[in-house]
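# A structural walkthrough
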Amino acid sequence: MVIFKITRVETTPFEGQKPGTSGLRKKVKVFVQPHYLQNFVQATFNALGADRVKGATLVVSGDGRYYSKDAIQIITKMAATNGVRRVWIGQNGLLSTPAVSAVVRERVEANGSKATGAFILTASHNPGGPHEKYEERGSQLRYG
């Protein structure tokens, strides 16, 4: 059994932190701000309600772009803190968006449980990374 130290951190809302139909599209330098990702993830859990989060199974993966490994760690720890029972992560954190969708819709555990939803870490089509280089694309986070 893994034991986490749970820390409550008071934060304030971020201007423009409102996801659209394609998720939360922001440049990497926005996502890496202290507490930015955490605020969004916690707001998602709060919006779903404790009854849908506690005991849930989530998929957390992406396309391997800049900051994905760190984001997966943050989301996984926050999921555990919020009572999520299982987190399915692709090997090395990698699953394409269609693969995540398939896992959420089709994968069934031996006990009959299925994923409740997913955090998908994908890139937008704009230059990104910490220095907005073409080879390091911007980030977006979707929950579906």
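Report on the accompanying structure. Model, not experiment: these values are computed from the prediction.

We now examine unusual backbone geometry. Where the residue is not glycine, phi is negative for most of them; where a peptide bond is considered, it is trans in most cases. Within the chain, His35 stands out as a residue other than glycine whose phi angle is a positive 75°. Following the sequence through the fold, His35 ends up in the loop between α1 (28-31) and α2 (36-48). The class of His35 is partly exposed, set by a relative accessible area of 33%. Even without being glycine, Tyr67 reaches a positive phi, approximately 80°. Considering the arrangement of structural elements, one finds Tyr67 in the loop between β2 (57-62) and α4 (68-81).

Here the structure, examined in full by the defined rule, presents 3 aromatic pairs. Their ring planes at 75° and their centres at 5.7 Å tell us that Phe31 and Tyr36 sit as a pair that is edge-to-face. Seen in terms of ring centroids, Phe45 and Phe119 are 5.8 Å apart; in terms of plane orientation they differ by 90°. Their pairing is edge-to-face. Of this pair, Phe45 sits in helix α2 while Phe119 sits in strand β4 (residues 117-128), and the two are 74 residues apart along the sequence. Pair check on accessibility: Phe45 and Phe119 agree, each one buried. Joined through ring pairs, the aromatic side chains of Phe14, Phe31 and Tyr36 make up one cluster. For the cation-ring pair, Arg107 lies above Trp88, with the distance from its terminal atom to the ring centre recorded as 4.0 Å.

Take the packing of α2 against α4 next. Their axes nearest at 10 Å, the elements α2 and α4 cross at an angle of 40°. As α2 runs across α4, the sense of the crossing is right-handed. On the side of α2, the interface is formed by Leu37, Gln38, Val41, Gln42 and Phe45, while α4 contributes Ala71, Ile74, Ile75, Met78 and Ala79. Each residue belonging to the contact of α2 with α4 can be placed in one class, and the counts come to 8 nonpolar, 2 polar and no charged.

Definitions and cut-offs
Residues numbered from 1 in each chain as written. Predicted model: local features only at pLDDT ≥ 70, side-chain atom pairs only at ≥ 80, totals over all residues. Heavy atoms only, no water. Helix = DSSP H or I, 4+ residues; strand = E, 2+ residues; numbered from the N terminus. Buried < 20%, exposed > 50% of the residue type's maximum accessible area, 1.4 Å probe, protein only. Phe/Tyr/Trp six-rings, centres within 6.5 Å; stacked < 30°, edge-to-face > 60°. Lys NZ or Arg CZ within 6 Å of the ring centre and 35° of its normal. Axes fitted to C-alpha atoms, helices over the stretch in contact; angles between N-to-C directions. Left-handed = near helix turned anticlockwise from the far one by under 90°. Contact = heavy atoms within 4.5 Å. Nonpolar A, V, L, I, M, F, W, Y, C, P; charged D, E, K, R; others polar.

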